[in-house]
Amino acid sequence: MSLPPGPFVRCGFNAALLLLGLVLAGFTSTGGSEHAATAALPAAFSDMLPRFLVEPEDEYIVKNKPVTLTCRSTPATQIYFKCNGDWVHQDDHLIEHSVDPATALPVMQVTIEITRQQVEKIFGLDEYWCQCVAWSTTGTQKSQKAYIRIAYLRKNFEEEPQGTEVALDQEVLLRCHPPEGVPQAEVEWQRNEDVLDPVSDPNFFITSEHNLVIRKARLLDTGNYTCVAKNIVARRKSNSATVLVYVNGGWSTWTTWSSCSAVCGRGWQKRSRSCTNPTPLNGGTSCEGQNVQKSACVATCPVDGGWSEWSKWSACGADCSMWRSRECSQPSPGTGGKDCQGLDLQSINCTSEQCPQTVSGAEDVALYVGMVAVALCLTLLLIVVVLVYRRKKEGLDADVADSSILTTGFQPMGIKPSKPGVWAPRPRRPPHSKNSHLLTIQPDLTTTSYQGTLRSRHDTTGKFSMTNGPLLDPLPNGSHTLHNGKLNSDPAEFVSRLSTQTYFKTLPRDVANTSYGTFNFLGGRLTIPNTGISLLIPPEAIPRGKIYEIYLTVQRKEDLRLPLAGCQTLLSPIVSCGPPGVVLSRPVILSMDHCFDACLDNWAVRLKKQNYEGAWEDVLLMGEELVSEPYYCQLEAETCRLFTEQLGTFALVGESLHMGAAKRLRLVLFSDAYCSTLEYNIRVYCMDDTQDVFKEVMQMERQLGGRLIDEPHVLLFKDSYHNLRLSIHDMPQAHWRSKLLAGYQEIPFYHIWNGSQRYLHCTFTLERLSLSTCELTCQLCVWQLEGEGQSFALDFNIAKDTRALDAEFLLMDSNATALAGPSAFQIPYLIRQKICSSLDAPCPNGADWRMLAQRLKLERHMSFFASKASPTSVILDLWEAQHFHSGNINQLATVMADIGKQEAMIFLVSDGEC
């Protein structure tokens with residue numbers, strides 16, 4: 001046995017104790033040391049053996065990190081560690097002294113560190129162990145051994161799970177032998193990257209050998225299974241094993257026997273069954289045997305009915321007639337025979353001798369007199385009604401004539417132009433309401449006049465100038481005039497003329513998706529109906545003295561290919577507005593739909609713009625907008641508002657940051673409006689949830705004569721690389737069956753995420769067993785992962801509504817596509833100027849444009865508004881873009897009243913009033 005290093009030597013048990021006392025005395029006299037493992041023991045506890053409070057525990061060395069062993073004993077004079085039979089050097093011990101508060105005994109704690117190099121010296125020969133030895137004046141105690149091992153986990157599994165195909169309700173065994181490791185690896189199972197929990201789903205069971213048992217296979221158990229081994233060092237995953245749960249087909253019950261084919265005599269009858277109990281799925285076997293049975297039958301021949309003899313005539317009655325009857329009972333009709341033809345009751349008039357005599361002269365006279373009196377009363381009543389009606393009509397005409405005199409002083413006054421060819425806008429009267437007085441202002445006819453160069457109807461110059469020369473061909477004389485703020489022109493002629501220019505040859509010639517108009521400094525609005533796309537040109541955006549012909553169009557995906565890289569996906573329509581290069585004094589607002597969950601934590605969304613060479617450039621990253629840039633975005637739940645000082649072609653492109661990112665898809669179901677065959681088709685369209693794509697599909701189905709059979713549904717499509725699956729279930733098997741060979745249809749993930757098609761669709765072909773079947777009830781199931789999907793109930797009559805698509809549903813937006821001047825805005829022009837002058841100037845109490853932005857929930861864009869010359873004007877521009885169709889100007893008046901600026905709608909507020 002080797003000796004511990006130190007100033008003492010053991011020579012027999014008694015000698016050691018004697019020497020130990022001397023050494024203790026020596027240590028006590030020197031005052032102790034930081035590295036000393038000995039200590040003086042009070043006389044009261046000199047006869048007690050040391051007792052371990054903490055003993056060293058087994059440890060694992062992870063990579064190159066050393067481990068610490070701790071030993072604590074009371075009462076003890078010294079403690080040393082021994083590792084693999086050798087004493088650890090005294091300088092490697094770290095000693096702490098304390099007193100147990102409960103027993104007042106001295107406590108000594110010693111710790112040492114073990115490195116990977118120390119363990120590797122004997123690795124493979126024996127396990128590395130350490131224990132501590134504690135001394136007192138009475139004797140010694142040894143702690144338990146602590147084993148130190150180097151932790152590791154091999155890369156390769158000794159046995160990996162294998163894919164299999166199993167029938168429904170059968171048991172599945174997936175084997176897994178994890179890689180060798182220290183400590184031994186723990187095992188968990190995953191299905192489609194989701195951890196399986198046998199506690200929450202008792203259908204799963206993990207054996208002690210780490211094998212996975214599926215007690216009864218279900219359809220939702222189909223998936224990719226992975227065995228995961230992990231310990232404190234690493235985590236390993238096996239190759240995935242695909243488990244396919246198939247369903248073997250089963251026969252339904254036999255239908256009732258049909259009627260006999262023969263009307264009379266021998267014939268045959270049949271009954272049928274279908275392989276739908278259950279329907280074979282995922283490659284399951286079809287039913288064996290016949291689905292139709294025939295059997296001989298004998299039909300009883302029909303018996304036609306025959307009349308019995310007539311009965312005797314009855315006595316002559318008070319009405320001077322006699323009756324007799326017969327019955328259809330010789331024979332009675334049976335087994336489908338014909339009924340008797342003819343009357344079963346007969347009457348004749350009696351002779352004068354047999355007929356009783358009655359006197360009725362007085363009663364007849366009274367009846368005739370009463371009828372004449374009623375006729376006279378009705379005639380008099382009709383005459384009175386005609387006279388009253390004519391008198392009221394004459395009085396109403398007089399009232400109308402008198403009212404015109406009362407309202408003469410309140411007729412709108414026209415503003416005459418300052419010179420020929422100048423057009424002045426007609427003042428717009430705000431809507432009538434209880435708060436309308438807040439937004440009422442009399443026009444200042446002495447200061448307001450139109451200063452532009454908009455040509456009149458009879459202008460003969462035919463040209464207008466721009467800073468950098470004409471961007472378009474000169475307008476024909478008198479081809480564009482303004483009528484009540486609406487622009488009247490031929491869209492086809494404009495698109496044809498526009499496409500002849502060099503830059504615009506790539507623009508689509510789709511008149512239905514193009515809007516244009518001629519605008520001056522008063523601004524206006526362009527809208528493409530039923531697409532959610534509009535362009536707001538605020539007042540003063542076009543410099544005074546300039547007139548621009550501006551267009552707005554939506555590009556088709558197949559016409560203009562936008563390059564996508566990696567996981568990028570198109571999140572909006574591709575919208576063009578122009579012409580590019582026009583000079584704008586302030587930004588216009590382009591509104592368009594998007595189809596993502598509007599959570600920028602899940603997405604990196606970029607605004608792309610096409611340059612003059614046709615290449616696409618990133619001009620903006622959502623959430624990191626700079627107020628100094630010419631582009632800025634206001635992102636809403638379903639719409640993006642783009643502030644831009646440059647016209648061009650724009651699109652939103654997103655790249656998911658993790659698998660939680662989701663696109664909004666719209667599912668729309670159509671069928672044929674007329675169905676005269678046994679086959680019936682249901683078309684399911686999967687498209688981006690934007691109005692322009694929905695409009696395109698609706699127009700296409702209207703041309704095909706399609707019929708919308710259910711409301712559109714919204715589905716969140718995640719960036720999980722899983723395909724979209726669709727299936728139809730729960731059809732009444734007695735009346736319908738599916739003609740699809742597979743249990744579901746599948747749309748590939750990449751076709752939806754970054755495909756070039758705007759919409760995708762699949763067709764479900766069903767077959768009704770009889771032409772008389774018109775009711776169809778079923779479930780449409782749509783899912784991307786097993787257990788995560790949506791189910792929509794369908795219940796309709798295929799013959800009840802045979803109309804084609806409703807035109808009103810396709811053309812919900814009946815507003816003009818182009819509005820110029822005041823008619824394009826909710827807020828009258830002069831009132832707008834008053835609001836801006838009132839709120840632009842900062843107020844000490846904050847009652848300025850900043851409070852307006854807060855009340856309108858636009859405080860996120862404070863820095864952007866502050867960078868503009870008139871922040872209030874930009875806020876009102878955004879309000880106009882958001883609330884053109886549904887805006888209530890009274891709500892804005894209420895906000896102004898809350899700010900304390902209700903008088904600002906009529907008078908300017910001075911700085912002192914702020």
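Residues numbered from 1 in each chain as written. Predicted model: local features only at pLDDT ≥ 70, side-chain atom pairs only at ≥ 80, totals over all residues. Heavy atoms only, no water.

1. Side note on the overall build of the chain
Okay, so step 1: When you go through the chain residue by residue, the secondary structure sums to 12 helices and 50 strands.
Okay, so step 2: A burial count over the chain gives 43% of its 914 residues as buried.
Okay, so step 3: Across the chain, the fraction of contacts at a sequence separation of at least 24, relative to all contacts at a separation of at least 6, is 69%.
Okay, so step 4: Summed over all atoms, the accessible surface of the chain reaches about 49,100 Å², with 53% contributed by carbon and sulfur. (Helix = DSSP H or I, 4+ residues; strand = E, 2+ residues; numbered from the N terminus. Buried < 20%, exposed > 50% of the residue type's maximum accessible area, 1.4 Å probe, protein only. Contact = heavy atoms within 4.5 Å. Areas by Shrake-Rupley, 256 points an atom, 1.4 Å probe, with all protein chains shown as cover.)

2. Description of the side chain of threonine 514
Okay, so step 1: Of note, threonine 514 is situated in strand β28 (residues 514-519).
Okay, so step 2: A distance of 3.1 Å separates polar atoms of two side chains, one belonging to threonine 514 and the other to threonine 553. (Polar contact = N/O pair within 3.5 Å; in protein donor to acceptor, adjacent residues only side chain to side chain.)

3. Observations regarding the nonpolar core
Okay, so step 1: Formed by 68 residues in total, the largest nonpolar core has its most connected members in Leu535, Ile550, Leu552, Ile682, Leu724 and Leu780.
Okay, so step 2: Ignoring anything within four residues of it in the chain, the contact list for leucine 780 reads Leu669, Val684, Ser727, Ile728, Phe764, Gln790, Ser791, Phe792 and Leu794.
Okay, so step 3: In terms of nonpolar packing, the next biggest core, distinct from the first, is built from 34 residues, Ala824, Ile835, Trp849 and Phe864 among them. (Core = buried A, V, L, I, M, F, W, Y, C linked by side-chain atoms within 4.5 Å.)

4. Some points on the pattern of salt bridges
Okay, so step 1: The full count for this structure, using the stated rule, is 26 salt bridges.
Okay, so step 2: A salt bridge links lysine 868 to glutamate 645; its shortest N-O distance comes to 3.5 Å. With a gap of 223 residues between them, lysine 868 in the loop between α10 (862-866) and α11 (871-882) and glutamate 645 in the loop between β38 (639-644) and β39 (649-656) connect regions that are remote in the sequence.
Okay, so step 3: The residue arginine 666 makes a salt bridge to aspartate 689 at a minimum N-O spacing of 2.7 Å. Taken as a pair, arginine 666 in strand β40 (residues 662-672) and aspartate 689 in the loop between β41 (679-688) and α5 (691-704) lie far apart in primary sequence, 23 residues in all. Neither residue differs from the other here; arginine 666 and aspartate 689 are each classed as buried.
Okay, so step 4: One continuous salt-bridge network, built from bridges that share partners, spans Arg191, Asp201, Arg218 and Asp221. (Salt bridge = Lys/Arg side-chain N within 4 Å of Asp/Glu carboxyl O.)

5. Here's the deal with the pairing of strand β43 (residues 713-718)
Okay, so step 1: The alternating pattern of β43 places His713, Leu715 and Phe717 on a buried face, while none of Val714, Leu716 and Lys718, on the opposite face, is buried.
Okay, so step 2: Across 6 bridges, β40 lies against β43 in antiparallel orientation. Its bridge partner lying in β43, arginine 666 is registered against valine 714. (Pairing = 2+ DSSP bridges.)

6. Examining the sheet that holds strand β17 (residues 204-206)
Okay, so step 1: Reading across the sheet, the 3 strands line up as β13-β18-β17 and stay open at both edges, with antiparallel pairing between neighbours. The sheet terminates laterally at β13 (172-174) and β17, the two strands that pair on one side only. Between one strand and the next, the sheet's axes are offset by a mean angle of 20°, whatever the strand orientation.
Okay, so step 2: Note that β17 and strand β18 (residues 212-214) share 3 bridges and pair antiparallel. The residue of β18 that forms the bridge with isoleucine 206 is leucine 212. (Axes fitted to C-alpha atoms, helices over the stretch in contact; angles between N-to-C directions.)

7. Re the confidence of the model for the chain
Okay, so step 1: Chain-level pLDDT for the chain is 77 on average; 75% of the residues reach the 70-or-more range.
Okay, so step 2: For the stretch residues 5-37, pLDDT sits under 50, and the model shows 39 contacts to residues farther than four places along the chain or on other chains. (pLDDT = per-residue confidence, 0-100.)

8. Focus: the packing of helix α8 (residues 829-839) against α11
Okay, so step 1: Closest axis-to-axis distance for the α8/α11 pair is 8 Å, and the angle between their directions is 135°. When the axis of α8 is compared with that of α11, the two are oblique. Between α8 and α11 lies a crossing whose hand is right-handed. Each of Arg832, Ile835, Cys836 and Leu839 in α8 lies in contact with α11, whose residues at this interface are Thr872, Ser873, Leu876 and Asp877.
Okay, so step 2: Its residues assigned to classes, the contact of α8 with α11 comprises 4 nonpolar, 2 polar and 2 charged. (Parallel < 35°, antiparallel > 145°, perpendicular 65-115°, else oblique. Left-handed = near helix turned anticlockwise from the far one by under 90°. Nonpolar A, V, L, I, M, F, W, Y, C, P; charged D, E, K, R; others polar.)

9. Considering the sheet that holds strand β46 (residues 745-747)
Okay, so step 1: Pairing is antiparallel in the open sheet, where 4 strands are placed in the order β46-β44-β48-β49. Among the strands making up the open sheet, the edge pair consists of β46 and β49 (788-797). Shown here is a sheet whose adjacent strand axes are inclined to one another by a mean of 20°, direction ignored.
Okay, so step 2: Pairing of strand β44 (residues 724-729) with β46 involves 3 bridges; the strand directions are antiparallel. Residue pairing across strands places leucine 724 opposite isoleucine 747, the latter belonging to β46.

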